[in-house]
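# Report on the structure
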Amino acid sequence: MAQERLAHVLGMLPVSPSNGASTLALNAAATWLAYSFVQGESKTLSKIKAFTSAINGTQANISVSAEIYSDSSGNPNASVAGPVTLTNLAAGWWEWTGFTYALTAGTRYWIVIKNTAAAPATDYP
């Protein structure tokens, strides 16, 4: 219920990765996690937060980026903000800061999260 309220405040619909699967591993360079949302009000994006339940490999080698993509017919199109990269990550809440992108009300955007580790098949969330 709290997620639904938060999604309403932010103008997003709550979604689940992998069509409801309980886990998703970003264990390949070509595996991206994308969340679509339609912005309810014009706002400036300053940070993205996400929770990961576990990591695999060496914590010091974990590297994950987040960026905002524009939409093209219901698919991520092109990066419009970021990427912002976090390194040396443990399981838990991650926060990408440093964004200053103006989101437009009524516009669909995508949050795209990528594993940028040197060995993504070994070191991944």
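Preceding block: the structure.
Residues numbered from 1 in each chain as written. Predicted model: local features only at pLDDT ≥ 70, side-chain atom pairs only at ≥ 80, totals over all residues. Heavy atoms only, no water.

## Considering the overall build of the chain
So the rule is basically this: In this text, helices come from DSSP runs of H or I with a minimum length of four residues, and strands from runs of E with a minimum of two, each type numbered from the N-terminal end. Note that accessible areas follow from Shrake-Rupley with a 1.4 Å probe, and for residues the cover is restricted to the protein chains shown.
Per the secondary structure count, the chain includes one helix and six strands. Traced from its N-terminal end to its C-terminal end, the chain shows the element sequence α-β-β-β-β-β-β. Put simply, the chain shows about 7200 Å² of open surface, and 52% of that area lies on carbon and sulfur atoms.

## Structural notes on the nonpolar core
Using the following cut-off: Residue types Ala, Val, Leu, Ile, Met, Phe, Trp, Tyr and Cys, when buried and joined through side-chain atoms within 4.5 Å, form a set referred to as a nonpolar core. Buried, partly exposed and exposed residues are distinguished by accessible area as a fraction of the type maximum, computed with a 1.4 Å probe on protein chains only: under 20%, between the cut-offs, and over 50%, respectively.
Among the nonpolar cores identified, the biggest contains 21 residues, and Ile-48, Val-64, Ile-68, Trp-94, Trp-96, Phe-99 and Ile-113 are the most heavily contacted of them. Going through the elements one at a time, strand 1 (32-38), strand 2 (43-52), strand 3 (63-72), strand 4 (75-87), strand 5 (92-103) and strand 6 (108-115) are the ones with two or more residues in this core. Top element by residues in this core is strand 5. It accounts for four residues.

## Focus: the environment of Ser-73
Among the secondary structure elements, Ser-73 is positioned in the loop between strand 3 and strand 4. The spatial distance from the C-alpha of Ser-73 to the C-alpha of Arg-108 is 9.7 Å, given a sequence separation of 35 residues.

## Topic: the pattern of salt bridges
Pairing of side chains with opposite charge becomes possible as their charged atoms draw close. What counts is decided by this rule: Definition used for salt bridges: Asp or Glu carboxyl oxygen within 4 Å of a side-chain nitrogen of Lys or Arg.
Counting across every chain of the model gives four salt bridges. For the salt bridge of Glu-95 with Lys-49, the shortest nitrogen-to-oxygen distance reads 3.8 Å. Of this pair, Glu-95 sits in strand 5 while Lys-49 sits in strand 2, placing them 46 residues apart in sequence. A salt bridge links Lys-114 to Glu-67; the nearest nitrogen and oxygen atoms lie 3.1 Å apart. In this pair, Lys-114 sits in strand 6 while Glu-67 sits in strand 3, placing the two residues 47 residues apart along the sequence. Neither residue differs from the other here; Lys-114 and Glu-67 are each classed as buried. Here the residues in one salt-bridge network are Lys-47, Lys-49 and Glu-95, joined through shared partners.

## Looking at unusual backbone geometry
Note that the residue after Gly-82, namely Pro-83, is joined by a cis bond; omega there is 10 degrees. Take Pro-83: it is sitting in strand 4. A positive phi angle is found at Asn-88, which is not glycine, with a value near 55 degrees.

## Comments concerning the sheet that holds strand 3
The cut-off we apply is this: One requirement defines pairing of two strands: DSSP has to find at least two bridges between them. Angular values range over 0 to 180 degrees, each being the angle between N-to-C directions of two axes fitted as lines to C-alpha atoms, with helices fitted over their stretch in contact.
Strand order across the open sheet formed by four strands is 1-6-3-4, with antiparallel pairing between neighbours. The open sheet has two free edges, formed respectively by strand 1 and strand 4, since each of these has just one partner strand. Geometrically, the sheet is characterised by an average inter-axis angle of 20 degrees between neighbouring strands, direction not taken into account. Where strand 1 lies against strand 6, seven bridges are found, and the strand directions are antiparallel. Bridge pairing links Tyr-35 to Ile-111 in strand 6.

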